[in-house]
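Summary of structural features
Residue strings, one per chain:
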Amino acid sequence: MRMLTATVAALTLAAAAVPVAAAAQPGPPATDGVWRMDGYGTVLVLGGGALQEYQTTSVSCLKGDTSRQTGPGTYATTDGSVLTVRTAHDRDHALLAADSSVGHRKLHRLSALPADCGRPAATDPRTAFDVFWQTFEENYPFFAQKRIDWQAVRDRYRPLVHKDTTKDELFGILSRMVRPLYDAHVVVVDGDRRFGQVRPGTQMPSPQLDARVKKFIEAHDLKNASHRQDFGAGRITYADLPGDLGYLRISGFGCYAGDDAPYTAEQAELDRALNTVLTAGRTERLKGLVIDVRVNGGGADTLGIRIAQRLTDTPYTAYAKRARNDPADPARHTRPEPVPVVPAAAPRYTGPVAVLTGGSTVSAGETFTQALIDRPGRTVRIGQATQGVFSDVMVRYLPDGLVFALPNEEFLTRTGRTFDGTGIPPQLTEPVFTKEEFAKNRDSAFDRAVGLLGGRG
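Figured I'd write up the structure that's included with this text. Numbering of residues starts from 1 in every chain and runs along the sequence as written. A pLDDT threshold of at least 70 governs which residues receive local features in this predicted model, and a stricter bar of 80 or more applies before side-chain atom pairs are shown or counted, although totals over entire chains, interfaces and linings include all residues. Working from all heavy atoms in the structure, the side-chain values ignore hydrogens and water.

Further remarks concern the packing of aromatic side chains. Any two aromatic rings considered together are summarised by their centre-to-centre distance and by the angle between their planes. Stacked, edge-to-face and tilted are the three classes for Phe, Tyr and Trp ring pairs, Trp counted by its six-membered ring, which pair at centre distances within 6.5 Å; planes under 30 degrees apart are stacked, over 60 edge-to-face, the rest tilted. By the definition in use, this model includes 15 aromatic pairs. Plain terms: the ring middles of Phe136 and Trp150 are 5.4 Å apart, the flat faces sit at 45° to each other, and that makes the pair tilted. Of this pair, Phe136 sits in helix H2 (residues 125-139) while Trp150 sits in helix H3 (residues 150-157); the two residues are 14 residues apart in sequence, bridging distant segments of the chain. Judged on exposure class, the residue Phe136 and its partner Trp150 are both buried. Both rings, one in Tyr140 and one in Phe143, keep their centres 4.8 Å apart while their planes meet at 55°; by these two values the pair is tilted. Grouping residues by exposure puts Tyr140 and Phe143 together as buried. In this text, helices come from DSSP runs of H or I with a minimum length of four residues, and strands from runs of E with a minimum of two, each type numbered from the N-terminal end. Classification of residues uses two cut-offs on accessible area relative to the type maximum, computed with a 1.4 Å probe and protein chains only: under 20% is buried, over 50% is exposed, and between them is partly exposed.

Here it is as C-alpha cells:
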C-alpha cells in the first residue's frame with residue numbers, strides 16, 4: 001500500500017484542468033483518493049496503480065504495506081490476498097474486503113492525506129516506544145478483561161528508554177511490557193527474533209508438535225481406519241473409521257498450496273479435499289463425523305466458513321464481527337457485522353459432528369469452532385478450551401525497524417458473548433495430548449467422540 005501524496009494532488013489538479021469538451025472521457029476510478037478506516041487506526045491512499053496504507057495514532061503516522069492494483073478496485077497484497085474496495089451509497093463512503101478475511105471494513109473519504117503522514121518520522125528509541133504504547137492504547141480491546149493498567153505500564157517502562165537505548169534493549173523492554181497479556185496475537189519481532197506468549201497451561205502449535213501428534217494419531221486413532229488421504233500439503237487428513245464414522249483432521253486454514261500461494265490456490269485445494277471426501281455416497285452413509293482441530297495454527301477465517309458451508313442444509317449465522325472504534329473508549333466498537341454460513345452448492349454432510357479442541361486450537365481454528373456452535377444439527381465439542389484469540393492481527397511497523405502485532409476485533413455469539421482470553425470451552429472435557437496420554441498411548445478425547453457418535457456413550 002504505497003503511494004505519494006504528490007500523486008493524489010496530481011490527480012486532483014488533472015481533474016480540474018480537463019476541458020468541458022473532454023468531460024465525457026473516463027476519469028480516475030471512484031475509489032481513488034484518501035480514505036480513513038473505521039477502527040484499525042488506518043488511512044489508505046488509492047491511485048496511481050497502488051493502495052498505500054498509513055498506520056496512524058494520535059502521535060504518529062507511518063507508512064505501512066503497499067498493495068499493487070490488479071483491476072478496477074482490486075489490489076494484491078504481498079501475502080497473496082486480494083483486497084477489494086467498492087464505493088457504498090455515495091462517493092464518500094466505501095467498503096474494503098479481503099478475500100482471506102470475513103466481513104468488511106468501512107471507509108470514509110478524506111479531502112487530503114493528514115499532515116503528519118507527509119512528514120518523516122523520528123527514529124529515536126523514545127519515539128518508537130511512544131508509537132508502540134499508543135497503538136495498544138487506542139486499539140487493544142482487552143486491558144480491562146485482563147486487569148492490565150496500561151498507563152501504569154507506560155509509567156514503569158518509558159523511563160528505561162533514552163536516546164542511547166539499543167534496538168536489542170528496546171525489543172526486550174517492549175516484550176516485557178506485553179508479556180502479562182498472555183495473548184497469542186500479540187507479537188514483537190526484530191529480524192529473526194520473535195516474542196510471543198500463549199495462555200498459561202497451553203502450547204502454541206508448531207511443526208514439531210504437529211508432526212508428533214499426527215504420528216500418534218495415525219498409530220492410535222487411525223490404526224483400523226480405511227481410505228486415509230492427505231490433502232493441502234498434509235494439513236488436511238481424512239479417514240473412514242469403523243462403524244460408518246468419518247475423521248477429518250485440519251491442522252491449519254492455509255499453506256495448502258505453498259507458503260507464497262495466493263488465496264485462490266488455497267481455496268481451490270480445500271475444495272479439492274472436500275469434494276474428494278464429501279461425496280454423495282459417503283455423506284449418505286456416514287453416521288457421524290469427528291473433526292479434529294486440536295493442533296491448528298489458524299489462517300484464513302474464510303476457509304473455516306467454507307467448510308461450515310459443507311456441513312449444513314440450512315443457512316445460519318456463524319458469528320458477528322466488530323472492531324474497537326474509539327481511541328479513548330475501549331467500550332466503543334464498529335457495528336457488529338453478521339457472518340453468514342450459506343449451504344454450498346455441492347454434496348454436504350448434515351449429520352452428527354464431534355469437534356475436538358484444545359489449547360493449541362488457535363485463531364482461525366477457533367473462529368471455525370465458533371462457526372459450528374449454532375450449526376443446525378447435532379454438534380458437540382470435546383477436549384479442552386481453545387487458546388482464546390480470534391481477531392485478525394494488526395501488523396504495525398516502528399520507525400526504527402521493529403515490527404509488532406496486536407488484535408483489535410471481537411467475534412460475538414448470537415447472545416453477544418466473546419471467548420477472548422478464555423477460549424471456547426468444551427461441552428465434554430477430556431485430556432488432550434498430555435504426557436500421561438502419550439505415555440499410555442491413549443487419546444481420551446478421540447475415544448469419547450467415537451463412542452458418542454457410535455451410540456456407545
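Examined against the element boundaries, Thr56 turns out to sit in strand S3 (residues 50-57). On the basis of relative accessibility, which here comes to 10%, the residue Thr56 falls in the buried class. Not counting chain neighbours up to four residues away, the residues in contact with Thr56 comprise Arg36, Gly41, Thr42, Val43, Cys61, Cys117 and Glu138. The criterion used for residue contact is that any of the two residues' heavy atoms lie within 4.5 Å.

This next bit is on the side chain of Thr413. Mapped onto the fold, Thr413 is located in the loop between strand S23 (409-412) and strand S24 (428-429). Judged by relative accessible area, which is 15%, Thr413 ranks as buried. By the criterion applied in these results, polar contacts are pairs of N or O atoms within 3.5 Å in which, for protein atoms, one can donate a hydrogen and the other can accept it, and in which residues neighboring in sequence qualify only through two side-chain atoms. Within the structure, the side chain of Thr413 is placed 3.0 Å from the side chain of Thr415, a separation counted as a polar contact. If we ignore the near neighbours within four places in the chain, the residues touching Thr413 are Gln370 and Phe419.

Regular strands show a simple pattern: their side chains alternate between the two faces of the sheet. The buried fraction of strand S1 (residues 33-37) is high, at four of five residues. Taken together, the four bridges between S1 and strand S2 (residues 42-47) define a ladder with antiparallel strand orientation. Bridge assignment links Gly33 to a residue of S2, and that residue is Leu46. Relative to strand S8 (residues 105-110), S1 is paired through four bridges, and the arrangement is antiparallel. Residue pairing in the sheet places Met37 in a bridge with Leu107 of S8. At least two DSSP bridges between two strands are needed for those strands to be called paired.

In this section: helix H8 (residues 301-308). The buried fraction of H8 amounts to seven of the eight residues, a majority that puts the element mostly inside the structure. Of all the residues in H8, the buried ones are Asp301, Thr302, Leu303, Gly304, Ile305, Ile307 and Ala308.

All right, on to unusual backbone geometry then. Most peptide bonds take the trans configuration, and most residues that are not glycine carry a negative phi. Positive phi, close to 55°, is recorded for Arg147, a residue that is not glycine. The topology assignment puts Arg147 in the loop between H2 and H3. We classify Arg147 as exposed; its relative accessible area is 78%.

The next thing to look at is the sheet that holds strand S17 (residues 337-341). With respect to topology, three strands assemble into an open sheet ordered S17-S16-S23, the strand pairing being antiparallel. Only two strands of the sheet have a single neighbouring strand rather than two, namely S17 and S23. Ignoring strand direction, the axes of neighbouring strands in this sheet form an average angle of 25°. Two elements, strand S16 (residues 316-323) and S17, share five bridges in a ladder whose sense is antiparallel. All axes here are fitted lines through C-alpha atoms, helices being fitted over the stretch that makes contact, and every angle between N-to-C directions spans 0 to 180 degrees.

Here we come to helix H11 (residues 444-453). Of all 10 residues in H11, eight are buried; the element is thus mostly enclosed. Backbone geometry just downstream of H11 places Gly455 in the positive-phi region, at approximately 80°.

Turning next to the environment of Arg442. Here Arg442 lies in the loop between helix H10 (435-439) and H11. For the pair formed by Arg442 and Ser101, sequence separation is 341 residues and the distance between their alpha carbons is 37 Å. With near-sequence residues (within four places) excluded, Arg442 lies in contact with Phe216, His220, Glu436 and Glu437. Side chain to side chain, Arg442 and Glu437 meet in a polar contact 2.8 Å long.

All right, on to the sheet that holds strand S22 (residues 403-407) then. Here we have four strands laid out as an open sheet, ordered S10-S9-S22-S21, and antiparallel in their pairing. Either end of the sheet is taken by a strand with one partner, and the two such strands are strand S10 (193-196) and strand S21 (393-397). Along the sheet, successive strands turn relative to each other by an average axial angle of 15°, direction set aside. Two elements, strand S9 (residues 187-190) and S22, share three bridges in a ladder whose sense is antiparallel. By the bridge assignment, Val188 is partnered in S22 with Phe404. Along the sheet face, H2 touches S9, S21 and S22 and points at about 10° away from the line of S22.

Here, a disulfide means two cysteine sulfur atoms that sit within 2.5 Å of each other. In total, this model carries one disulfide according to the counting rule given. Through a disulfide, Cys61 is tied to Cys117; the S-S separation comes to 1.9 Å. Taking the sign of the torsion about the S-S bond as the criterion, the disulfide between Cys61 and Cys117, at about 95°, is right-handed. Here Cys117 lies in the loop between S8 and H2 and Cys61 lies in strand S4 (residues 60-71), a separation of 56 residues in the sequence. For the pair Cys61 and Cys117, a shared accessibility class is recorded, and that class is buried.

Function cannot be inferred from these measures alone, as they are strictly geometric.
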